[in-house]
Amino acid sequence: MGSQEVTSGQDSWQGTNITVAGLGVSGLSAARALAGLGASVTVVDGGDGDAHRDKAALLEKEGIAVRLGDAETLPDGTGLVVTSPGWKPSSPLFAAAAEAGVDVVGDVEIAWRLRGPDAAPWLAITGTNGKTTTTQMLASILEAAGLRTAAVGNIGTPIVDVVLEGDDAYDVFAVELSSYQLHWAPSLRAHSGAVLNLAPDHLDWHGSMEAYAADKGRIYEGNQVACVYNVADRATEELVREADVEEGCRAIGFTLGTPGPSELGVVDGILVDRAFVDDRQKNAQELAEISDVTPPAPHNIANALAAAALARAFGVEPRAVRDGLRAFTPDAHRIAHVADVDGVAYVDDSKATNTHAAQASLASYASIVWIAGGLAKGATFDELVTGAAQRLRGVVLIGRDRALIREALERHAPEVPVVDLDRTDTGAMSAAVQEAARLAREGDTVLMAPACASMDMFTNYNKRGEAFAEAVRALGATGV
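Novice: Would you mind going over the sheet that holds strand β19 (residues 418-420) with me for this structure?
Specialist: The pairing of strands in a sheet happens through backbone hydrogen bonds and is either parallel or antiparallel. Reading across from one edge, β15-β16-β20-β17-β18-β19 is the order of the six strands in this open sheet, with mixed pairing throughout. Unpaired on one side and paired on the other, β15 (336-341) and β19 mark the two borders of the sheet. Strand-to-strand twist in this sheet, taken as the mean axis angle between neighbours without regard to direction, amounts to 15°. Packed on one face of the sheet, helix α16 (residues 428-439) meets β16 (344-348), β17 (368-372), β18 (392-397), β19 and β20 (445-448) and runs near 160° to β18.

See below:
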């Protein structure tokens, strides 16, 4: 066995023996796409339940082999392994591939290789937090400019499916990329890329903060026009310095303060551009007002500036930046105001699944009753609690790893009242909202920004947010 030569385009896959790891959305997409291009595809998955068998039956009808219950053994004759993003690099299947000299890549790498010579450029976005919102903002701006675009990658339609629509179907893509996807995409070379921020996350997958940052930094490799970084996060600028980019590619910063040359920032409530203007030492271009961004929380203004920077790198006019931001509506469970009950605002930020996201959310309100807890994913909470202590009216803790937050509160905010709900059932959210209502005073915000993943109690963060909103509505109905 050995790695087979795989070239770019859609005509080079005939007869290639490919193993696809995982029966998830991206795995199914890659398997079907590659089989349709003439590859011999085998999908492997460690599961063997009814849902797995149903998917396997459908694939087998399409001529795709499926092996269930064994995700560790490399099928004979494999020339390339295509992995789903969540599979860890330490997986036994990949160790077997390495021993056999077989490359392992992800669906993003496959999509990049499938592009034709006239394919739409990629404007790529990564970061610990804000990726989806920024990507959607960018797509909205590009649409406002009259460009044919789609938000793809770690969002929406699988990127392989979109690329197969043909080179002439789109003008440009807004591409959200996770650290997992970047790890498995060695050939990716974007038109322009952005790293929004860096904070510890998924360290159990990457093994270290250094490895996590290095995978994020892959987004800058080979950039043609702009490497967009966060002025307030020096680690993102360091990744730009380390990147090997095309000659003439520029480093473009974004900041919530007054921008310097080659930066976008904020002046008197106006988003301004000092990067893509003539004589950027002296001139600045107005792009939009803070009020054009929904919600106008500081971290979301930063998202808007990053999206604007990428759009401007692609030549989009200022008016389209403004119109695109005005047209954008964020997804549910991202600092979503649910209701006001007895003068208290209830806000759902279930998407705050790590400490960095929760920090941004907590910084948006002056007096908070905080609902937090869930799966910590190896995170620590001392820095988060220290920064938020002066804003906390009280805290309600739920979820498996709530003790880690409680202990940080005991160390750094011992005067803040804490209710520790020793529950991980889904009904705990209703109790949490009732306890938060008891702690809150008129003018406060009850903020559900858990700083943890949801899977100890809920299927995903969406279900957690829905449970919170349902509990708030019940609270309003009863007048508790």
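Let's pick the thread back up.
Novice: In this structure, what is going on with helix α13 (residues 355-362)? I would like to understand it.
Specialist: For an α-helix, the turn length of 3.6 residues means that residues three or four places apart are oriented alike. Among all positions in α13, only Thr355, Ala357, Ala358, Ser361 and Leu362 are buried. Take α13 and look down its axis: the buried residues cluster within an arc of 160°, on one side only. Summarising the contacts, the buried residues of α13 are in contact with α11 (298-313), β17, α14 (382-388), β18 and β20. Residue Asn354 occupies the N-cap position of α13, its side-chain oxygen lying 3.3 Å from the main-chain nitrogen of His356.

Novice: Where do I start with empty space enclosed by the protein in this structure?
Specialist: Scanning all chains against the criterion turns up one cavity of 30 Å³ or more. The computed volume of the largest cavity comes to approximately 50 Å³. Considering the residues around the largest cavity, the lining is formed by Arg115, Ala119, Ala120, Trp122, Val163, Gly166, Asp167, Tyr170 and Phe173.

Novice: Got a minute to help me understand the sheet that holds strand β7 (residues 149-153) in this structure?
Specialist: As summarised here, the arrangement of the nine strands in space is β7-β8-β6-β9-β10-β11-β12-β13-β14, forming an open sheet in which the pairing is mixed. Here the strands that pair on one side only, and so sit at the sheet edges, are β7 and β14 (285-289). Ignoring which end each strand starts from, the neighbouring axes of this sheet average 20° apart. With two bridges connecting them, strand β11 (residues 250-254) and strand β12 (residues 263-267) associate as parallel partners. When the bridges of β12 are listed, Phe254 appears paired with Leu264. Taken strand by strand, helix α10 (residues 234-242) contacts β9 (192-195), β10 (226-230) and β11, and its axis lies near 155° from that of β10.

Analysis parameters
Residues numbered from 1 in each chain as written. Predicted model: local features only at pLDDT ≥ 70, side-chain atom pairs only at ≥ 80, totals over all residues. Heavy atoms only, no water. Pairing = 2+ DSSP bridges. Helix = DSSP H or I, 4+ residues; strand = E, 2+ residues; numbered from the N terminus. Axes fitted to C-alpha atoms, helices over the stretch in contact; angles between N-to-C directions. Contact = heavy atoms within 4.5 Å. Buried < 20%, exposed > 50% of the residue type's maximum accessible area, 1.4 Å probe, protein only. Arc of directions from axis to C-beta. Polar contact = N/O pair within 3.5 Å; in protein donor to acceptor, adjacent residues only side chain to side chain. 1 Å grid on protein atoms, 1.4 Å probe; cavity = no way out; pocket = protein on both sides within 12 Å on 5 of 7 lines; lining within 4 Å. Points joined across faces, edges and corners; volume = space filled by probe spheres on them.

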